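Each chain is listed here by its residues.
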Amino acid sequence: MNRRTFSIASLLALSLGHVPLFRRYFPQRIKSGWLLRDEDV
Amino acid sequence: MLFDFAKGPLTPEQQYDVCILGAGAAGITLAIRLGRAGKRVALCEGGGLDYEDDSQEIYAGQTIGDPYFDLDIARLRYFGGSTNHWGGYCRSFEPTDFNRGYLGDDFRWPISHDDILPYLAEACEIVEISSDYRDRLVDEELGLRQVDFKYSPPVRFGEKFQAEIESSKNIDLFLNCNFTDLTGADRRVRSVKLRNYADQDLEIRANSVVFAMGGIDNSRQLLWMERLHGGSFFDRDLPIGRYWMEHPHFIIGEALIKSWDQANLYFALTEKMQKALGIMGCGVVVEEQGDSTTKRLIKDLLCVAPGVGAWAADLAGKKLICSYRFQAAWEQAPNRENRVALSDRAVDRFGVPQSELHWRKASIDRETMLASTQQFNAFILRENLGRLQLRDWVYQGDEYPDDDILAGYHHMGGTRMSYSPRYGVVDGNCKVFGAENLYVAGSSLYTTAGYNNPTLAIVQFALRLADHLVKVV
(Lines give C-alpha, C1' and ligand atoms only; values in the text may rest on other atoms or scores of the structure.)
Protein backbone atom coordinates (compact mmCIF):
# COMPACT_ATOMS: atom_id res chain seq x y z
CA MET A 1 0.00 0.00 0.00
CA ASN A 2 1.47 3.32 -0.91
CA ARG A 3 1.35 6.48 1.12
CA ARG A 4 -1.60 7.91 -0.80
CA THR A 5 -3.88 4.93 -0.19
CA PHE A 6 -2.69 4.86 3.38
CA SER A 7 -3.81 8.45 3.90
CA ILE A 8 -7.18 7.94 2.22
CA ALA A 9 -7.79 4.79 4.24
CA SER A 10 -6.86 6.60 7.42
CA LEU A 11 -9.27 9.45 6.75
CA LEU A 12 -12.05 7.03 5.84
CA ALA A 13 -11.48 5.02 8.98
CA LEU A 14 -11.46 8.12 11.14
CA SER A 15 -14.68 9.41 9.59
CA LEU A 16 -16.47 6.20 10.55
CA GLY A 17 -15.58 6.72 14.20
CA HIS A 18 -14.81 4.01 16.76
CA VAL A 19 -12.86 2.10 14.17
CA PRO A 20 -10.37 -0.15 15.91
CA LEU A 21 -6.94 1.36 15.93
CA PHE A 22 -5.44 -1.49 14.00
CA ARG A 23 -7.85 -1.11 11.07
CA ARG A 24 -7.01 2.54 10.82
CA TYR A 25 -3.53 1.52 9.72
CA PHE A 26 -4.21 -1.84 8.10
CA PRO A 27 -7.38 -1.58 6.01
CA GLN A 28 -6.22 -4.32 3.67
CA ARG A 29 -7.13 -8.00 3.53
CA ILE A 30 -5.93 -9.99 6.54
CA LYS A 31 -6.31 -13.69 7.17
CA SER A 32 -4.91 -15.31 10.32
CA GLY A 33 -2.60 -12.34 10.69
CA TRP A 34 -1.19 -12.58 7.15
CA LEU A 35 -1.14 -9.20 5.43
CA LEU A 36 -2.22 -10.08 1.93
CA ARG A 37 -2.81 -8.57 -1.45
CA ASP A 38 -6.32 -8.90 -2.86
CA GLU A 39 -5.05 -11.25 -5.55
CA ASP A 40 -3.56 -13.58 -2.94
CA VAL A 41 -6.94 -15.08 -2.03
CA MET B 1 41.72 7.72 45.79
CA LEU B 2 39.29 5.04 46.88
CA PHE B 3 37.55 5.10 50.25
CA ASP B 4 35.36 2.19 51.26
CA PHE B 5 32.84 3.19 53.90
CA ALA B 6 32.19 -0.50 54.59
CA LYS B 7 35.62 -0.71 56.22
CA GLY B 8 34.99 1.88 58.91
CA PRO B 9 34.29 5.54 59.61
CA LEU B 10 35.42 8.22 57.17
CA THR B 11 35.88 11.90 57.94
CA PRO B 12 36.67 13.83 54.76
CA GLU B 13 37.74 17.32 55.67
CA GLN B 14 38.06 18.98 52.31
CA GLN B 15 35.61 20.95 50.26
CA TYR B 16 35.03 19.39 46.85
CA ASP B 17 34.19 21.25 43.67
CA VAL B 18 31.59 18.66 42.72
CA CYS B 19 29.97 15.81 44.59
CA ILE B 20 28.47 13.22 42.24
CA LEU B 21 25.92 10.82 43.68
CA GLY B 22 25.96 7.59 41.70
CA ALA B 23 28.78 5.86 39.83
CA GLY B 24 27.18 4.49 36.68
CA ALA B 25 27.73 5.59 33.08
CA ALA B 26 26.74 9.18 33.83
CA GLY B 27 28.52 9.58 37.17
CA ILE B 28 31.78 7.99 36.08
CA THR B 29 31.91 9.90 32.77
CA LEU B 30 31.29 13.13 34.63
CA ALA B 31 33.90 12.39 37.31
CA ILE B 32 36.58 11.45 34.81
CA ARG B 33 36.10 14.57 32.70
CA LEU B 34 35.94 16.89 35.71
CA GLY B 35 38.98 15.24 37.29
CA ARG B 36 40.99 15.57 34.10
CA ALA B 37 39.98 19.25 34.00
CA GLY B 38 41.49 19.75 37.47
CA LYS B 39 38.28 19.83 39.48
CA ARG B 40 38.13 18.14 42.89
CA VAL B 41 35.45 15.47 42.70
CA ALA B 42 33.78 13.25 45.30
CA LEU B 43 32.19 10.31 43.46
CA CYS B 44 29.80 8.54 45.83
CA GLU B 45 28.47 5.06 45.09
CA GLY B 46 25.81 3.34 47.18
CA GLY B 47 27.22 -0.10 46.44
CA GLY B 48 30.73 -1.52 46.45
CA LEU B 49 32.98 -2.76 43.69
CA ASP B 50 30.87 -5.89 43.23
CA TYR B 51 27.26 -6.94 43.50
CA GLU B 52 25.92 -7.16 47.06
CA ASP B 53 22.36 -7.95 48.12
CA ASP B 54 22.42 -5.20 50.76
CA SER B 55 22.86 -2.58 48.08
CA GLN B 56 20.71 -4.12 45.38
CA GLU B 57 17.64 -4.40 47.61
CA ILE B 58 17.58 -0.59 47.90
CA TYR B 59 16.15 -0.70 44.36
CA ALA B 60 13.06 -2.66 45.40
CA GLY B 61 9.76 -1.01 44.56
CA GLN B 62 6.30 -1.50 43.18
CA THR B 63 4.95 -1.11 39.64
CA ILE B 64 1.40 -0.10 38.82
CA GLY B 65 -0.08 -0.32 35.34
CA ASP B 66 1.26 -2.32 32.42
CA PRO B 67 3.33 -5.44 33.11
CA TYR B 68 6.91 -4.47 33.86
CA PHE B 69 10.07 -5.92 35.36
CA ASP B 70 10.73 -6.08 39.08
CA LEU B 71 12.51 -2.84 39.87
CA ASP B 72 15.29 -4.51 41.84
CA ILE B 73 16.38 -6.54 38.81
CA ALA B 74 15.90 -3.86 36.15
CA ARG B 75 19.20 -2.13 37.05
CA LEU B 76 22.37 -2.73 39.05
CA ARG B 77 23.49 -0.86 42.14
CA TYR B 78 27.27 -1.07 42.42
CA PHE B 79 30.33 0.63 40.94
CA GLY B 80 29.70 0.90 37.20
CA GLY B 81 25.95 0.77 37.67
CA SER B 82 23.87 -0.86 34.97
CA THR B 83 26.80 -0.86 32.55
CA ASN B 84 27.71 -4.02 34.46
CA HIS B 85 24.97 -5.82 32.55
CA TRP B 86 24.11 -3.66 29.53
CA GLY B 87 24.04 -5.19 26.07
CA GLY B 88 26.22 -2.58 24.35
CA TYR B 89 23.71 -1.38 21.74
CA CYS B 90 24.71 2.14 20.75
CA ARG B 91 22.83 4.71 18.78
CA SER B 92 22.18 8.24 19.91
CA PHE B 93 19.35 10.70 19.51
CA GLU B 94 18.57 11.87 16.01
CA PRO B 95 17.88 15.48 14.97
CA THR B 96 14.19 14.67 14.62
CA ASP B 97 14.03 13.76 18.32
CA PHE B 98 14.53 17.43 19.11
CA ASN B 99 11.98 18.57 16.53
CA ARG B 100 8.76 16.94 17.63
CA GLY B 101 6.83 20.15 18.17
CA TYR B 102 4.18 18.71 15.84
CA LEU B 103 3.19 16.40 18.70
CA GLY B 104 2.75 19.15 21.29
CA ASP B 105 4.53 21.04 24.06
CA ASP B 106 5.29 17.89 26.05
CA PHE B 107 7.79 16.98 23.31
CA ARG B 108 9.75 20.24 23.29
CA TRP B 109 13.38 20.16 24.41
CA PRO B 110 15.15 23.31 25.65
CA ILE B 111 18.22 22.38 23.59
CA SER B 112 18.80 21.14 20.06
CA HIS B 113 20.55 18.14 18.61
CA ASP B 114 23.47 20.44 17.81
CA ASP B 115 24.05 20.88 21.55
CA ILE B 116 24.95 17.22 22.08
CA LEU B 117 26.38 16.39 18.67
CA PRO B 118 29.86 17.79 19.52
CA TYR B 119 30.13 15.12 22.22
CA LEU B 120 29.28 12.15 19.99
CA ALA B 121 32.82 11.32 18.89
CA GLU B 122 34.17 11.36 22.46
CA ALA B 123 31.23 9.35 23.76
CA CYS B 124 31.82 6.77 21.04
CA GLU B 125 35.47 6.60 22.01
CA ILE B 126 34.50 5.96 25.64
CA VAL B 127 32.21 3.06 24.73
CA GLU B 128 34.76 1.86 22.17
CA ILE B 129 32.77 2.14 18.97
CA SER B 130 33.16 3.98 15.69
CA SER B 131 31.27 7.25 15.40
CA ASP B 132 30.83 6.72 11.67
CA TYR B 133 27.10 5.97 11.56
CA ARG B 134 25.93 5.15 8.06
CA ASP B 135 22.19 5.11 7.62
CA ARG B 136 20.76 4.25 4.22
CA LEU B 137 17.57 5.45 2.58
CA VAL B 138 15.73 2.35 1.39
CA ASP B 139 12.62 3.95 -0.07
CA GLU B 140 11.86 7.64 -0.11
CA GLU B 141 8.18 7.34 -1.02
CA LEU B 142 7.47 5.02 1.89
CA GLY B 143 9.94 6.82 4.14
CA LEU B 144 11.87 3.68 4.93
CA ARG B 145 15.51 3.71 5.97
CA GLN B 146 18.04 1.27 7.30
CA VAL B 147 19.66 2.58 10.46
CA ASP B 148 23.13 1.76 11.69
CA PHE B 149 23.73 0.47 15.19
CA LYS B 150 27.13 0.13 16.78
CA TYR B 151 27.97 -2.41 19.43
CA SER B 152 30.13 -1.63 22.43
CA PRO B 153 32.14 -4.69 23.62
CA PRO B 154 30.21 -3.76 25.98
CA VAL B 155 32.32 -1.43 28.07
CA ARG B 156 31.88 -1.94 31.83
CA PHE B 157 32.46 1.58 33.09
CA GLY B 158 33.60 0.44 36.53
CA GLU B 159 36.25 -1.89 35.16
CA LYS B 160 37.38 0.56 32.51
CA PHE B 161 37.86 3.57 34.77
CA GLN B 162 38.62 2.12 38.22
CA ALA B 163 42.39 2.38 37.87
CA GLU B 164 42.27 5.98 36.63
CA ILE B 165 39.89 6.98 39.40
CA GLU B 166 41.96 5.29 42.11
CA SER B 167 45.17 6.94 40.93
CA SER B 168 43.63 10.34 40.28
CA LYS B 169 44.71 13.19 42.53
CA ASN B 170 41.43 14.94 41.84
CA ILE B 171 38.84 12.20 42.22
CA ASP B 172 37.89 10.52 45.48
CA LEU B 173 35.65 7.50 45.09
CA PHE B 174 33.50 6.72 48.12
CA LEU B 175 32.01 3.23 48.12
CA ASN B 176 29.07 1.94 50.15
CA CYS B 177 27.92 5.50 50.67
CA ASN B 178 24.17 5.81 50.42
CA PHE B 179 22.65 9.22 49.94
CA THR B 180 20.31 10.17 52.77
CA ASP B 181 20.00 13.96 52.83
CA LEU B 182 21.16 17.40 51.75
CA THR B 183 22.17 20.29 53.96
CA GLY B 184 22.11 23.97 53.07
CA ALA B 185 19.67 26.83 52.73
CA ASP B 186 18.36 29.47 50.37
CA ARG B 187 18.37 27.17 47.35
CA ARG B 188 22.03 26.32 47.85
CA VAL B 189 23.25 22.85 48.82
CA ARG B 190 26.16 22.93 51.26
CA SER B 191 26.79 19.24 51.78
CA VAL B 192 25.42 15.74 51.24
CA LYS B 193 24.82 13.18 53.96
CA LEU B 194 25.68 9.56 53.31
CA ARG B 195 25.26 6.36 55.31
CA ASN B 196 26.85 2.92 55.15
CA TYR B 197 25.24 -0.44 55.89
CA ALA B 198 26.40 -0.26 59.54
CA ASP B 199 24.37 2.95 59.90
CA GLN B 200 27.43 5.15 60.21
CA ASP B 201 27.10 8.62 58.71
CA LEU B 202 29.36 10.74 56.57
CA GLU B 203 29.05 14.30 55.32
CA ILE B 204 30.71 15.64 52.20
CA ARG B 205 30.85 19.33 51.41
CA ALA B 206 30.83 20.46 47.80
CA ASN B 207 30.29 23.56 45.70
CA SER B 208 27.90 21.67 43.42
CA VAL B 209 26.03 18.39 43.70
CA VAL B 210 24.94 16.11 40.87
CA PHE B 211 22.27 13.43 41.18
CA ALA B 212 23.39 10.58 38.92
CA MET B 213 21.56 7.74 40.62
CA GLY B 214 19.70 6.36 37.63
CA GLY B 215 16.45 6.73 35.76
CA ILE B 216 14.29 5.92 38.75
CA ASP B 217 16.29 6.92 41.82
CA ASN B 218 17.05 10.42 40.59
CA SER B 219 13.30 10.99 40.78
CA ARG B 220 12.84 9.09 44.04
CA GLN B 221 15.57 10.99 45.86
CA LEU B 222 14.48 14.40 44.52
CA LEU B 223 10.91 13.64 45.63
CA TRP B 224 12.28 12.68 49.03
CA MET B 225 14.21 15.95 49.28
CA GLU B 226 11.07 17.87 48.38
CA ARG B 227 9.14 16.05 51.09
CA LEU B 228 11.86 16.65 53.70
CA HIS B 229 12.72 20.22 52.80
CA GLY B 230 9.89 21.69 50.72
CA GLY B 231 11.27 24.48 48.57
CA SER B 232 14.59 24.87 50.41
CA PHE B 233 16.70 23.60 47.55
CA PHE B 234 14.61 24.02 44.40
CA ASP B 235 11.26 25.24 43.13
CA ARG B 236 8.12 23.69 44.56
CA ASP B 237 5.65 21.84 42.37
CA LEU B 238 8.13 20.70 39.76
CA PRO B 239 6.89 17.60 37.89
CA ILE B 240 9.45 15.42 39.68
CA GLY B 241 9.06 11.78 38.74
CA ARG B 242 6.62 12.55 35.95
CA TYR B 243 6.93 11.92 32.22
CA TRP B 244 8.75 8.66 32.92
CA MET B 245 9.37 6.69 29.72
CA GLU B 246 10.51 3.29 28.48
CA HIS B 247 10.97 1.74 25.05
CA PRO B 248 8.25 -0.85 24.45
CA HIS B 249 9.82 -3.97 22.88
CA PHE B 250 7.61 -6.63 21.31
CA ILE B 251 7.80 -9.30 18.66
CA ILE B 252 5.18 -8.16 16.19
CA GLY B 253 5.28 -10.94 13.65
CA GLU B 254 7.13 -13.21 11.29
CA ALA B 255 7.60 -13.10 7.55
CA LEU B 256 8.53 -15.15 4.54
CA ILE B 257 10.83 -13.08 2.38
CA LYS B 258 12.65 -14.13 -0.76
CA SER B 259 16.30 -13.70 -1.64
CA TRP B 260 16.88 -10.94 0.81
CA ASP B 261 20.17 -9.56 1.99
CA GLN B 262 18.59 -7.40 4.67
CA ALA B 263 18.57 -9.96 7.46
CA ASN B 264 19.48 -8.96 11.01
CA LEU B 265 19.16 -5.30 10.22
CA TYR B 266 17.39 -2.38 11.79
CA PHE B 267 14.87 -0.23 9.98
CA ALA B 268 13.04 2.97 10.87
CA LEU B 269 11.03 5.68 9.15
CA THR B 270 12.44 8.95 7.92
CA GLU B 271 11.80 12.17 9.79
CA LYS B 272 9.56 13.33 6.96
CA MET B 273 7.39 10.23 7.15
CA GLN B 274 7.17 10.32 10.96
CA LYS B 275 5.88 13.87 10.71
CA ALA B 276 3.48 13.04 7.88
CA LEU B 277 2.00 10.23 9.93
CA GLY B 278 2.04 12.19 13.19
CA ILE B 279 3.96 9.49 15.03
CA MET B 280 7.23 9.03 16.91
CA GLY B 281 10.27 6.87 16.27
CA CYS B 282 10.08 3.10 15.90
CA GLY B 283 12.79 0.65 15.01
CA VAL B 284 12.08 -2.73 13.47
CA VAL B 285 14.71 -5.43 13.83
CA VAL B 286 14.54 -8.18 11.23
CA GLU B 287 16.12 -11.44 12.36
CA GLU B 288 16.54 -14.52 10.21
CA GLN B 289 14.91 -17.71 11.53
CA GLY B 290 15.59 -21.38 10.83
CA ASP B 291 14.15 -23.92 8.40
CA SER B 292 11.56 -25.17 10.87
CA THR B 293 10.04 -21.70 11.10
CA THR B 294 10.09 -21.39 7.32
CA LYS B 295 8.24 -24.70 6.95
CA ARG B 296 5.69 -23.74 9.57
CA LEU B 297 4.97 -20.39 7.95
CA ILE B 298 4.64 -21.89 4.46
CA LYS B 299 2.23 -24.52 5.78
CA ASP B 300 0.16 -21.80 7.40
CA LEU B 301 0.23 -19.55 4.34
CA LEU B 302 -0.85 -22.43 2.09
CA CYS B 303 -3.97 -22.78 4.24
CA VAL B 304 -5.03 -19.14 4.12
CA ALA B 305 -3.80 -18.14 0.66
CA PRO B 306 -3.01 -21.22 -1.44
CA GLY B 307 -1.73 -19.29 -4.45
CA VAL B 308 0.88 -17.24 -2.66
CA GLY B 309 1.56 -20.20 -0.36
CA ALA B 310 2.47 -22.32 -3.37
CA TRP B 311 4.67 -19.49 -4.64
CA ALA B 312 6.50 -19.45 -1.31
CA ALA B 313 6.77 -23.26 -1.23
CA ASP B 314 8.27 -23.27 -4.72
CA LEU B 315 10.86 -20.67 -3.71
CA ALA B 316 11.64 -22.59 -0.54
CA GLY B 317 12.36 -25.69 -2.61
CA LYS B 318 14.96 -23.65 -4.46
CA LYS B 319 16.34 -22.20 -1.23
CA LEU B 320 15.21 -18.76 -2.37
CA ILE B 321 13.00 -17.81 0.56
CA CYS B 322 13.65 -17.56 4.30
CA SER B 323 11.70 -16.79 7.42
CA TYR B 324 12.32 -13.71 9.53
CA ARG B 325 11.16 -12.48 12.88
CA PHE B 326 10.12 -8.86 13.24
CA GLN B 327 10.80 -7.20 16.55
CA ALA B 328 9.77 -3.61 17.17
CA ALA B 329 11.28 -1.24 19.71
CA TRP B 330 9.72 2.16 19.77
CA GLU B 331 9.43 5.53 21.39
CA GLN B 332 6.93 6.13 24.12
CA ALA B 333 5.26 9.51 24.31
CA PRO B 334 6.08 11.60 27.38
CA ASN B 335 2.95 11.25 29.48
CA ARG B 336 2.61 13.22 32.70
CA GLU B 337 0.73 10.36 34.37
CA ASN B 338 3.56 7.90 33.87
CA ARG B 339 5.62 8.59 36.92
CA VAL B 340 7.88 7.58 39.75
CA ALA B 341 6.18 8.29 43.07
CA LEU B 342 7.10 7.68 46.68
CA SER B 343 5.50 4.56 48.08
CA ASP B 344 3.31 4.98 51.14
CA ARG B 345 3.65 1.28 51.90
CA ALA B 346 7.36 0.52 52.13
CA VAL B 347 10.66 2.23 52.85
CA ASP B 348 14.22 1.15 52.14
CA ARG B 349 16.67 0.35 54.96
CA PHE B 350 17.58 4.05 55.22
CA GLY B 351 13.99 5.13 55.73
CA VAL B 352 13.45 6.55 52.24
CA PRO B 353 10.12 5.51 50.67
CA GLN B 354 10.52 2.93 47.96
CA SER B 355 9.73 3.76 44.36
CA GLU B 356 6.23 3.31 43.06
CA LEU B 357 6.35 3.23 39.28
CA HIS B 358 3.15 4.09 37.42
CA TRP B 359 3.57 3.08 33.80
CA ARG B 360 1.13 2.58 30.96
CA LYS B 361 1.40 2.67 27.23
CA ALA B 362 -0.87 5.13 25.43
CA SER B 363 -2.76 5.00 22.15
CA ILE B 364 -0.14 7.09 20.33
CA ASP B 365 2.52 4.61 21.43
CA ARG B 366 0.64 1.80 19.73
CA GLU B 367 -0.08 3.95 16.70
CA THR B 368 3.62 4.59 16.31
CA MET B 369 4.31 0.87 16.13
CA LEU B 370 1.36 0.12 13.84
CA ALA B 371 2.00 2.94 11.38
CA SER B 372 5.70 2.10 11.17
CA THR B 373 4.93 -1.58 10.61
CA GLN B 374 2.47 -0.73 7.87
CA GLN B 375 5.04 1.34 5.98
CA PHE B 376 7.46 -1.55 6.23
CA ASN B 377 4.79 -4.01 5.07
CA ALA B 378 3.88 -1.73 2.18
CA PHE B 379 7.46 -1.98 1.02
CA ILE B 380 7.45 -5.78 1.22
CA LEU B 381 4.22 -6.01 -0.77
CA ARG B 382 5.13 -3.42 -3.36
CA GLU B 383 8.42 -5.12 -4.08
CA ASN B 384 6.71 -8.53 -3.83
CA LEU B 385 9.43 -9.65 -1.45
CA GLY B 386 7.12 -11.90 0.53
CA ARG B 387 4.36 -11.76 3.14
CA LEU B 388 4.25 -10.71 6.77
CA GLN B 389 2.15 -12.42 9.43
CA LEU B 390 1.39 -10.32 12.47
CA ARG B 391 1.04 -11.74 15.95
CA ASP B 392 -2.56 -12.24 17.07
CA TRP B 393 -2.52 -9.45 19.63
CA VAL B 394 -1.39 -6.93 17.01
CA TYR B 395 -4.10 -7.51 14.43
CA GLN B 396 -6.86 -8.41 16.85
CA GLY B 397 -6.25 -5.23 18.80
CA ASP B 398 -5.75 -7.11 22.06
CA GLU B 399 -3.83 -5.95 25.06
CA TYR B 400 -0.07 -6.28 24.83
CA PRO B 401 1.09 -9.78 25.78
CA ASP B 402 2.73 -10.07 29.19
CA ASP B 403 5.05 -12.92 28.14
CA ASP B 404 6.94 -10.96 25.47
CA ILE B 405 10.07 -8.80 25.76
CA LEU B 406 7.94 -5.95 27.19
CA ALA B 407 10.54 -3.18 27.31
CA GLY B 408 14.21 -2.38 27.06
CA TYR B 409 15.19 -1.84 30.71
CA HIS B 410 15.58 1.78 29.63
CA HIS B 411 14.56 4.20 32.38
CA MET B 412 14.08 7.69 31.02
CA GLY B 413 12.44 10.92 32.11
CA GLY B 414 11.26 11.72 35.60
CA THR B 415 13.66 14.63 36.03
CA ARG B 416 13.37 15.74 32.45
CA MET B 417 14.94 18.73 30.83
CA SER B 418 12.56 21.48 29.76
CA TYR B 419 12.27 25.09 28.77
CA SER B 420 9.73 25.52 31.56
CA PRO B 421 9.33 24.25 35.15
CA ARG B 422 5.80 23.40 34.17
CA TYR B 423 7.01 20.60 31.90
CA GLY B 424 10.32 19.62 33.40
CA VAL B 425 12.61 19.48 36.41
CA VAL B 426 15.92 20.75 35.05
CA ASP B 427 16.92 23.46 32.62
CA GLY B 428 19.06 23.15 29.51
CA ASN B 429 22.18 23.01 31.67
CA CYS B 430 20.82 20.10 33.73
CA LYS B 431 20.33 22.33 36.79
CA VAL B 432 17.20 21.79 38.85
CA PHE B 433 14.81 24.69 38.40
CA GLY B 434 15.20 27.16 41.25
CA ALA B 435 18.40 25.57 42.59
CA GLU B 436 21.74 27.33 42.81
CA ASN B 437 24.01 24.31 42.59
CA LEU B 438 22.00 21.10 42.23
CA TYR B 439 22.22 19.19 38.95
CA VAL B 440 21.03 15.93 37.41
CA ALA B 441 22.83 13.52 35.07
CA GLY B 442 21.64 10.40 33.30
CA SER B 443 18.69 9.38 31.15
CA SER B 444 16.20 10.80 33.64
CA LEU B 445 17.06 14.07 31.86
CA TYR B 446 15.52 13.02 28.60
CA THR B 447 12.63 15.20 27.50
CA THR B 448 11.64 12.59 24.95
CA ALA B 449 12.93 9.07 24.64
CA GLY B 450 13.71 8.60 20.96
CA TYR B 451 13.68 4.94 19.99
CA ASN B 452 17.35 4.20 20.49
CA ASN B 453 19.16 2.71 23.45
CA PRO B 454 19.93 5.41 26.00
CA THR B 455 23.51 4.74 27.11
CA LEU B 456 25.47 6.49 24.36
CA ALA B 457 23.43 9.66 24.84
CA ILE B 458 23.86 9.40 28.63
CA VAL B 459 27.60 9.70 28.03
CA GLN B 460 27.15 12.63 25.64
CA PHE B 461 24.98 14.50 28.14
CA ALA B 462 27.43 13.79 30.97
CA LEU B 463 30.33 15.17 28.94
CA ARG B 464 28.28 18.26 28.16
CA LEU B 465 27.35 18.74 31.83
CA ALA B 466 31.01 18.37 32.80
CA ASP B 467 31.96 21.18 30.43
CA HIS B 468 29.31 23.36 32.00
CA LEU B 469 30.44 22.58 35.55
CA VAL B 470 34.07 23.27 34.68
CA LYS B 471 32.98 26.81 33.87
CA VAL B 472 30.79 27.45 36.90
CA VAL B 473 32.30 25.68 39.92
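Residues numbered from 1 in each chain as written. Chains lettered and ligands numbered in written order. Predicted model: local features only at pLDDT ≥ 70, side-chain atom pairs only at ≥ 80, totals over all residues. Heavy atoms only, no water.

**Quick word on the sheet that holds strand S4 (residues 61-65) of chain B**
Residue and element names in this part refer to chain B. The sheet built from three strands is open, its strands ordered S4-S18-S17 with mixed pairing. Single-partner strands in this sheet number two, and they are S4 and strand S17 (339-347). Strand after strand, the sheet turns through a mean of 30° between neighbouring axes, direction not considered. Of the strands in this sheet, S17 and strand S18 (353-359) touch helix H6 (residues 217-229), which is tilted by about 70° from S17. (Pairing = 2+ DSSP bridges. Helix = DSSP H or I, 4+ residues; strand = E, 2+ residues; numbered from the N terminus. Axes fitted to C-alpha atoms, helices over the stretch in contact; angles between N-to-C directions. Contact = heavy atoms within 4.5 Å.)

**Side note on the domain arrangement of chain B**
All names here are of chain B. As assigned here, chain B comprises domain 1 (2-131 + 153-245 + 336-360 + 410-472) and domain 2 (248-330 + 362-395). Taken over C-alpha atoms, the centre of domain 1 sits 38 Å from the centre of domain 2. Interface of domain 1 and domain 2: buried area, both sides summed, is about 990 Å²; carbon and sulfur atoms make up 63% of it. The three residues of domain 1 that bury the most area against domain 2 are Thr96, Tyr102 and Tyr451, which together make up 50% of that side's buried surface. Counting across the interface, domain 1 meets domain 2 through zero salt bridges. In this structure, the connection of domain 1 to domain 2 is made through two residue pairs in polar contact (both at pLDDT 80 or more). (Domains from an automatic or database assignment. Buried area = accessible area lost by both parts, 1.4 Å probe. Salt bridge = Lys/Arg side-chain N within 4 Å of Asp/Glu carboxyl O. Polar contact = N/O pair within 3.5 Å; in protein donor to acceptor, adjacent residues only side chain to side chain.)

**A short note on H6(B)**
All names here are of chain B. Look at H6: 18 Å from first C-alpha to last across 13 residues, which is about the 18 Å you get at 1.5 Å a residue. Inspection of H6 places Asp217, Asn218, Ser219, Arg220, Gln221, Leu222, Leu223, Trp224 and Met225 among the buried residues, and these make up the whole buried set. Tucked inside the fold, the buried residues of H6 contact strand S10 (178-185), strand S12 (201-211), S17, S18 and strand S21 (438-440). Gly230 sits one or two positions beyond H6 and adopts a positive phi of about 55°. (Expected span 1.5 Å × (residues − 1). Buried < 20%, exposed > 50% of the residue type's maximum accessible area, 1.4 Å probe, protein only.)

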